[in-house]
Structure formats: structure tokens, C-alpha cells
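Reading the structure
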Amino acid sequence: MNAIVASLQAEYLRYEALAEAALGQVSDSDLVAPGPGGGNSIAVIGWHLAGNLRSRFTDFLTTDGEKPWRRREEEFQARAVDRAELLAHWERGWAALLSALDTLSDADLSRTVTIRGQSLLVHEALHRSLAHASYHVGQIVMVARALRGEQWRFLSIPPGESGKYNEQPTLEKPAAHVANMRRPD
């Protein structure tokens, strides 16, 4: 059984769904609008995260996670992309990650991988990557919520509804949370 890898994969899928639910609430022009205070746009953040995932998880166990073809600095440049282009790039990054996870077993977690010439145990690299993904997904959600204002559809428990939710919690498991975010309104 691969309980640990499956647990990590489920959390990655939760964060992918959170970002995609936020992306689904904003207009095409909002995707490239600067974040609050002149911060990165949703497109820039998504482009960077996808580039990171593709680099880290292409040939995950056999090559350095910082690929020579990656242009990290360019990921942070303001970009005018349409939704289809952003989502295609986004999907390539997530596909590399999920493909790599599909090949791992819990026994692989004590193996060593390299990122920027530094050795890490596989479980360390996965936890580091999951934290990185959740950080940037949080940014995407925050920017999307700021842009949507009162029109925002909450992706977890709406404000003021914690007591009601706690009477019958349903979103604690990643798969249930993902399904809830992907439900039609």
C-alpha cells in the first residue's frame, strides 16, 4: 500500500482544484490584472507554479529538479496570455507532477533526488513542493477574491457558517473538498 504517496497526491489535487475554482471565478482580463499593491497577476503566479512543477517533476528521480530549459526569471514577467494558453501551461505542470507521483511508492520516499545540485530525500522534496504549491495557490485565491469582491463564491466554509458546518463536517478529506469545489452552482 502506498498510503503516504496517496495522501500527498490527494493534497496536491486539493490545491490544484482550489486554484482552478478561483480561476473559474475571474474574467479573462482579471487573469492578467496586477495583484493588490502592484503584486503578481494570477497569470504570473500560475505560470510560475506550473513551470516549477514541470521542472521539478520531469524525470523526478533521475535528473536535477532545476532543469536547464527552465527560465524561472521569465516566469515572473508580466504576461498577456489568454485563458486557454494559461490553462494549457498550467496543465503541463500539474501533469508532470501527477505522472511522477503515479510512479512512486512509499518505499521511494527514502530515495534521494537533487534540486539545484542539493540532495534531498524524496519525502523532503515532496513536502517542500507541496508547501510551495499551497503558498502560490493561496496567492491565486487571494488575488481572485480581491478582484471578485462581493461576487466571490467561497471555496470552503463561508464566513459565519462554521457552527453549521461543524454539525456535519464534509470537507475534511481532500477528495470531498475537491468534489465540493467542482460542483455546479
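Here, the structure is the one placed above.
Attention in this report is confined to the structure presented alongside it.

Rules used throughout
Residues numbered from 1 in each chain as written. Predicted model: local features only at pLDDT ≥ 70, side-chain atom pairs only at ≥ 80, totals over all residues. Heavy atoms only, no water. Helix = DSSP H or I, 4+ residues; strand = E, 2+ residues; numbered from the N terminus. Buried < 20%, exposed > 50% of the residue type's maximum accessible area, 1.4 Å probe, protein only. Contact = heavy atoms within 4.5 Å. Phe/Tyr/Trp six-rings, centres within 6.5 Å; stacked < 30°, edge-to-face > 60°.

Notes on the environment of valine 32
Checked against the element boundaries, valine 32 lands in the loop between α2 (28-31) and α3 (42-57). Given the relative accessible area of 31%, valine 32 is considered partly exposed. Considered as a pair, valine 32 and leucine 98 are 66 residues apart in the sequence and their alpha carbons are 27 Å apart. Residues within four places of valine 32 in sequence aside, it is in contact with Ser41, Ala43, Arg79, Ala80 and Val81.

A look at the packing of aromatic side chains
Inspection of every chain in the model, using the stated rule, returns 4 aromatic pairs. Where phenylalanine 57 meets phenylalanine 60, the ring centres are 4.9 Å apart and the plane angle is 35°; that geometry is what we call tilted. For the pair phenylalanine 57 and phenylalanine 60, a shared accessibility class is recorded, and that class is buried. Look at tryptophan 90 and tryptophan 94: their rings are 5.5 Å apart centre to centre, the planes differ by 50°, and that puts the pair in the tilted class. Placement of both tryptophan 90 and tryptophan 94 in helix α5 (residues 83-103) is noted, with a separation of 4 residues, approximately one turn of the helix. Accessibility classification places tryptophan 90 together with tryptophan 94 in one group, the buried group. An aromatic cluster of three or more residues is present, and its members are Tyr12, Phe57, Phe60, Trp90 and Trp94.

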